[in-house]
Amino acid sequence: VSGQTASAAAAIPAGGGILPRHVAIIMDGNGRWAKKRHLPRFAGHRAGVEAVRKVSRAARALGIEALTLYAFSSENWRRPESEVSDLMGLLRLFIRTDIDEMVRDNVRLRVIGDYRRFPADLITMIDNALARTANNDGPILVIALNYGAQAEIAAVARQLAVQAKDGTLDPATIDEAMIDRELQTNDLPPLDLMIRTSGEVRLSNFLLWQAAYAELLFVDTLWPDFDGEALAEAVSIFGQRQRRYGGL
Ligand code: FPP
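Residues numbered from 1 in each chain as written. Predicted model: local features only at pLDDT ≥ 70, side-chain atom pairs only at ≥ 80, totals over all residues. Heavy atoms only, no water.

So what's going on with unusual backbone geometry? Residues and values would help.
Despite not being glycine, Asn146 shows a phi value in the positive range, around 50 degrees. Here Asn146 is to be found in strand β4 (residues 140-147). Non-glycine residue Leu207 carries a positive phi angle of around 45 degrees. You can see Leu207 is positioned in the loop between β5 (193-196) and β6 (215-218). Residue classification places Leu207 among the buried positions, given a relative accessible area of 1%. (Helix = DSSP H or I, 4+ residues; strand = E, 2+ residues; numbered from the N terminus. Buried < 20%, exposed > 50% of the residue type's maximum accessible area, 1.4 Å probe, protein only.)

Here it is as structure tokens:
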């Protein structure tokens, strides 16, 4: 355990609060972080990968069961081609440099989103990485790649409509639990906490169904500055909130 993760764990008051089982993060502010330093946007994304590393290690140290990170949204294709290709390059680098640690630390790597639209070599790398951690049974690291929540829900609707048309599904039996089971997150713990960095207050098409009862936390910190201690603080804020799920 590095000093970073040890201090993240120590920042949680003894016996203080309930731990979220599943935390999702919209990692925002890489560009602004770079701009403040008169650096190219790429430098911000590169620093963002370092934050991914720190925060995923800290999540494990804290005992969070699943961490879902929004690395590439289905809308990110609208960015300049050079930036899209920079992000793909960083993803390659991340898999290459971090997969051994994940295998060793019993992390299960997962991907949500339609990453089949990515370059062929990257698809192969992702598939290999998923296969290498598939038999692990420790904390889950979910990377959202070419992910959009509305597209995810539309895919479920299409799938159920096909079954209804076939006559294998009675539309009257479609309920929330059935939709839950068809989503790509069906084997993850319920989403407890959604964090967005950089002061923007939007969900930007991330885990819209899953966030129904999640606590939302918007922090001003730019993503490259977010670290294990920031995660521990978010967890401690979560622990102080009262969740009523519509009850009293
Ligand atoms: C938002 O910053 C961030 C992204 C669009 C991508 C997040 C990607 C990474 C942290 C790196 C790759 C991830 C992995 C898992 C290897 P922005 O560019 O929108 O920032 P801005 O709003 O300040 O311009």
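Summarise the packing of aromatic side chains; cite the residues concerned and give the values.
The description of two aromatic rings rests on the distance between their centres and on the angle between their planes. Per the counting criterion, the structure on display carries eight aromatic pairs. On the numbers, 5.6 Å between centres and 90 degrees between planes, the contact of Phe72 with Phe118 is edge-to-face. Residue Phe72 is located in strand β2 (residues 66-73), and its partner Phe118 is located in the loop between β3 (108-112) and α5 (120-133); the two are separated by 46 residues in the primary sequence. Here Phe72 falls in the buried class, since its relative accessible area comes to 3%. Consider the rings of Tyr147 and Phe206, whose centres lie 5.8 Å apart with planes at 85 degrees: the pair is edge-to-face. Taken together, the positions of Tyr147 in strand β4 and Phe206 in the loop between β5 and β6 put the pair 59 residues apart, joining distant regions of the chain. A residue is classified by how much of its surface remains accessible, and Phe206, at 0% relative accessible area, is buried. Taken together, the aromatic side chains of Tyr70, Tyr147 and Phe206 make up a single cluster linked through ring pairs. Taking the ring centre of Trp77 as reference, the NZ or CZ of Arg117 above it sits at 4.6 Å. (Phe/Tyr/Trp six-rings, centres within 6.5 Å; stacked < 30°, edge-to-face > 60°. Lys NZ or Arg CZ within 6 Å of the ring centre and 35° of its normal.)

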